[in-house]
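Spelled out, the chains give:
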Amino acid sequence: MSNSKENFKAPVEKNETYQGEIIDLTHEGLGVAKIEHYPLFIEGALVGETIEFKVIKIGKSFGIGKLTKIINQSPDRVEITDKAYAQTGTMPLQHLSYKAQLKFKKNQIETVLEKIGKLPNAKVENVIGMENPFGYRNKAQIPVRKNKEKLETGVFRKKSHDLIPMEDFKIQDPEIDKAVVAVRDIMRKYSIKPYNEKENTGNLRHILVRRGYHTGEMMIVLVTRTPKLFPLSKIVPDILEALPEVVSIIQNVNPKKTNVILGQEVIVLHGEDKYRDKLLGHTFEISHRSFFQVNTVQAEILYSKVLEFAELTGEETVIDAYSGIGTITLALAEKAKKVYGIELIEPAVEDAQRNAELNGIENVTYQVGAAEEVMLEWSKQGRKADLLVVDPPRKGLDEQFIDAVLEMQPEKMVYVSCNPSTLARDLALLVAGGYSVEKVQPVDMFPQTSHVESVTLLTK
Ligand code: SAH
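My aim in this report is to walk through the structure given alongside it, one point at a time.

Conventions and cut-offs
Residues numbered from 1 in each chain as written. Predicted model: local features only at pLDDT ≥ 70, side-chain atom pairs only at ≥ 80, totals over all residues. Heavy atoms only, no water. Helix = DSSP H or I, 4+ residues; strand = E, 2+ residues; numbered from the N terminus. Buried < 20%, exposed > 50% of the residue type's maximum accessible area, 1.4 Å probe, protein only. Contact = heavy atoms within 4.5 Å. Areas by Shrake-Rupley, 256 points an atom, 1.4 Å probe, with all protein chains shown as cover. Core = buried A, V, L, I, M, F, W, Y, C linked by side-chain atoms within 4.5 Å. Domains from an automatic or database assignment. Pairing = 2+ DSSP bridges. Axes fitted to C-alpha atoms, helices over the stretch in contact; angles between N-to-C directions. 1 Å grid on protein atoms, 1.4 Å probe; cavity = no way out; pocket = protein on both sides within 12 Å on 5 of 7 lines; lining within 4 Å. Points joined across faces, edges and corners; volume = space filled by probe spheres on them. Nonpolar A, V, L, I, M, F, W, Y, C, P; charged D, E, K, R; others polar. Parallel < 35°, antiparallel > 145°, perpendicular 65-115°, else oblique. Left-handed = near helix turned anticlockwise from the far one by under 90°. Salt bridge = Lys/Arg side-chain N within 4 Å of Asp/Glu carboxyl O. Near = heavy atom within 4 Å. Polar contact = N/O pair within 3.5 Å; in protein donor to acceptor, adjacent residues only side chain to side chain. Phe/Tyr/Trp six-rings, centres within 6.5 Å; stacked < 30°, edge-to-face > 60°.

With respect to the overall build of the chain
When helices and strands are tallied, the chain shows 11 helices and 21 strands. If you line up the chain on its principal axes, its C-alpha atoms span 65 × 65 × 50 Å. Burial status across the chain gives 55% buried among its 460 residues. Of the contacts made within the chain by residues no fewer than 6 positions apart, 64% connect residues no fewer than 24 positions apart. Entry remark: accessible area of the chain is about 21,900 Å², with carbon and sulfur atoms responsible for 49%.

Notes on the nonpolar core
Counting 86 residues, the largest nonpolar core has Ile220, Leu222, Ile239 and Leu332 as its most contacted members. Looking at which domains feed residues into this core, each of domain 2 (106-130 + 295-459) and domain 3 (139-279) supplies at least three. Once residues within four sequence positions are removed from consideration, leucine 332 is found in contact with Val306, Leu307, Leu312, Val318, Asp320, Val339, Leu387 and Val389. Formed by 34 residues, the second largest nonpolar core is a distinct cluster that contains Leu397, Ala404, Val405 and Leu458.

With respect to the sheet that holds strand E10 (residues 218-224)
Strand order in the open sheet formed by 7 strands is E8-E7-E6-E9-E10-E11-E12, with mixed pairing between adjacent strands. Lying at the two open borders of the sheet, with one neighbouring strand each, are strand E8 (163-165) and strand E12 (265-270). Across the sheet, the mean angle from the axis of one strand to that of its neighbour is 35°, orientation sign disregarded. With 4 bridges joining them, strand E6 (residues 139-147) and strand E7 (residues 150-156) adopt antiparallel strand pairing.

Thoughts on the layout of surface pockets
Roughly 1,400 Å³ of internal volume is contained in the second largest pocket. What lines the second largest pocket is a set of 37 residues, among which Leu30, Glu43, Gly44, Ala86 and Lys158 lie closest to the centre. Elements supplying a minimum of two residues to the lining of the second largest pocket: strand E4 (50-58), strand E5 (63-72) and helix H2 (83-88). Split by residue class, the lining of the second largest pocket holds 14 nonpolar, 12 polar and 11 charged.

Thoughts on the packing of helix H10 (residues 399-408) against helix H11 (residues 420-432)
Put simply, H10 and H11 touch, their axes get as near as 10 Å, and they point 30° apart. Here H11 runs roughly parallel to H10, going by the angle between their axes. Helix-helix and strand crossings are classified by hand; for H10 and H11 the assignment is right-handed. Contact residues: Glu399, Ile402, Val405 and Leu406 in H10; Asp426, Leu429 and Leu430 in H11. Split into classes, the residues belonging to the contact of H10 with H11 amount to 5 nonpolar, no polar and 2 charged.

Regarding the pairing of E5
Consecutive side chains of a regular strand alternate in pointing toward one face of the sheet and then the other. Taken together, the 3 bridges between strand E3 (residues 38-42) and E5 define a ladder with parallel strand orientation. Paired with isoleucine 42 across the two strands is glycine 65, which belongs to E5. Pairing of E4 with E5, which is carried by 8 bridges, proceeds in the antiparallel orientation. Bridging across to E5, phenylalanine 53 finds its partner in leucine 67. Connecting the antiparallel pair E4 and E5 is a turn made up of 4 residues.

Here's the deal with the pattern of salt bridges
Under the counting rule described, the total for this entry stands at 25 salt bridges. Among the salt bridges present, the one from glutamate 308 reaches lysine 305, with a minimum N-O distance of 3.0 Å. Taken together, the residues glutamate 308 and lysine 305, both in helix H6 (residues 296-310) and 3 residues apart, mark about one turn of the helix. Of the residues examined, glutamate 308 reaches a relative accessible area of 45% and is grouped as partly exposed. A salt bridge links aspartate 351 to arginine 354; the shortest N-O distance between them is 3.5 Å. Separated by 3 residues within a single helix, aspartate 351 and arginine 354 lie in helix H8 (residues 346-358), roughly one turn from each other. Of the residues examined, arginine 354 reaches a relative accessible area of 32% and is grouped as partly exposed. In the salt-bridge network here, residues are joined through shared partners; they are Glu152, Glu167, Arg184, Asp185 and Arg188.

Observations regarding the site of the ligand
Neighbouring residues of the ligand: 16 residues in total, closest Tyr303, Thr327, Glu343, Ala371 and Asp391. One of the side-chain N or O atoms of glutamate 343 is found 2.7 Å from an oxygen atom in the ligand. One nitrogen or oxygen atom from the side chain of aspartate 391 is found 2.9 Å from a nitrogen atom belonging to the ligand. Contact with the protein chains hides 89% of the accessible area of the ligand, taken as 580 Å² for the molecule alone. Elements represented by at least two residues in the shell around the ligand include exactly helix H7 (327-333) and helix H9 (371-380). Split by residue class, the shell around the ligand holds 9 nonpolar, 4 polar and 3 charged.

What to know about the packing of aromatic side chains
All chains considered together, the criterion is met by 4 aromatic pairs. The interplanar angle of 25° and the centroid separation of 4.8 Å between the aromatic rings of phenylalanine 41 and phenylalanine 62 together place this pair among those described as stacked. Remark: phenylalanine 62 occurs in the loop between E4 and E5 and phenylalanine 41 occurs in strand E3; sequence separation between them is 21 residues. Residue phenylalanine 62 is classed as partly exposed on the basis of its relative accessible area, which comes to 35%.

Here it is, written out as C-alpha cells:
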C-alpha cells in the first residue's frame, strides 16, 4: 500500500510568502485561495480580494496561510474597531459588512442543500437580520484568570487559554458587560484568588451572567473550584448593591481540571436558581443550567416563523421534539389542540412543566427521553400527529428518529436547525421518504459569527 502522505508534495512551502485571489469563504468564514489547485485557508481575507499571505501550515488536503497584505480590497470589507477581538475569535465575521454576512449565510445554506442534500431547487429565503447586529447576547460566560498580578476577566486567545482582558464584548447586552466589570471589581476588593488552570489551584474560574431581555432580571453565577468563597456576607450584599437588577446569585462548584465550565455542586447564595424572561408574551423561568436562545429578539422572530409555517387552526395534534424548557411548545399550544413535548434532560422538563403552569397553559404534556426512542415507541403504538416540530442540537436528527417520522407520517414538519450541514443531510432522507421541502427561512441569531440558524417547512 502506498503512503499518500509520504508521496504528497504541496505546491507551496512553509514560511514562504505567496500572492493569491480569495475565491470562497469556508463555513467558518476563512478566505480560500488556491495555488495549483491546492486550497489554503486564510483568516481575515474576503472573497474577491487579492492578498499576500505567508504559509504557516501544510496539510495533506489543505494549508493554512496568514494574511500579510491586502493588495486589492473587497467593497464588503469594514474597518474592525479593535485588534483584540481578532485575537479572540468571538467575532469571526467582524471584518465583513453586515449585509454581506447575511448573503454569506444564505449562500451557505444554498450550497449545502445542493451539495449534501441534493436539493438544488430548494427555496431559500433571504436571511432575516438585525437592525443593530451588536449587543444581542443575553448570556455571558467569562473566564477569570490572573493577568499581570491582577484578577482579570476577558476572553481566551484563539486556540489557547491565555486570557485577553476585555470589558466591552461588543456582542453582549451592554448591561451584562457592566455586570461582569462590577463583579470583577468586587472579587478584587476581597482578594478572591483567580483560578490557575495549569496547577488546578486558585478559586474563581468563571463569571456567568444571564439577563432577561424583556424583564431586566439578572442572574450571576460564580463558578469556583472549591465550595469556599470568603467573605460571602460581604460579597453578596456588594453585588446586590452594585447591580440592582440581580434576582439570583448562584455558586457553582467545579473542582475538576476540565474545559467544561459548570460542575455538579450548586449553592444558592441569593434568591432561587432562576430568573425570568419572556418570549412572544409567555414568561419563562430559567435556571442556571437551562438552554435558552441567546438572542431574544431574533428568537421571537424564529419562533414566529415556526408558527407561520405551522398554520394551526386549533384542531391539531402537535409533537415538539427537543423541546427544552418549552419555549416553542407554549407558542404552539396557543394555536393547537394538544402539544406533546419531548426532551432528554429531566430538569429542563421540570422547568417546562412549571413554565406551562406559570402561563396557564393546560394542553401540553412533556415526555422525558431521547427523541429517537420516544418517537419510535409512539410510531409503533400507531400514534399520529398533524404537525411535528424539531429543534435538535448541532448533530441533527438521529436516523432512528427519521425512520420513526416516516413510519408515523405527520402531515407537516417544521425543522429548526442551528447547523446547515446536518439539516441538509436530514432533509435528503426525509425527501427520499416522500416529504418535500417547501421553503427554508434563515434567521440571523448570531451576527458577527459564522453560525447559521434556519426554519424549514416540509409537507407530505
Ligand atoms: N426548542 C428549545 C430547545 C432547543 S435546544 C428552545 O428553542 O429553547 C435542543 C434541546 O434538545 C436541548 O434542550 C437538549 O437538552 C435537547 N436534546 C438533545 N439531545 C436530545 C435527544 N436525543 N432527545 C431529546 N432531546 C434532546
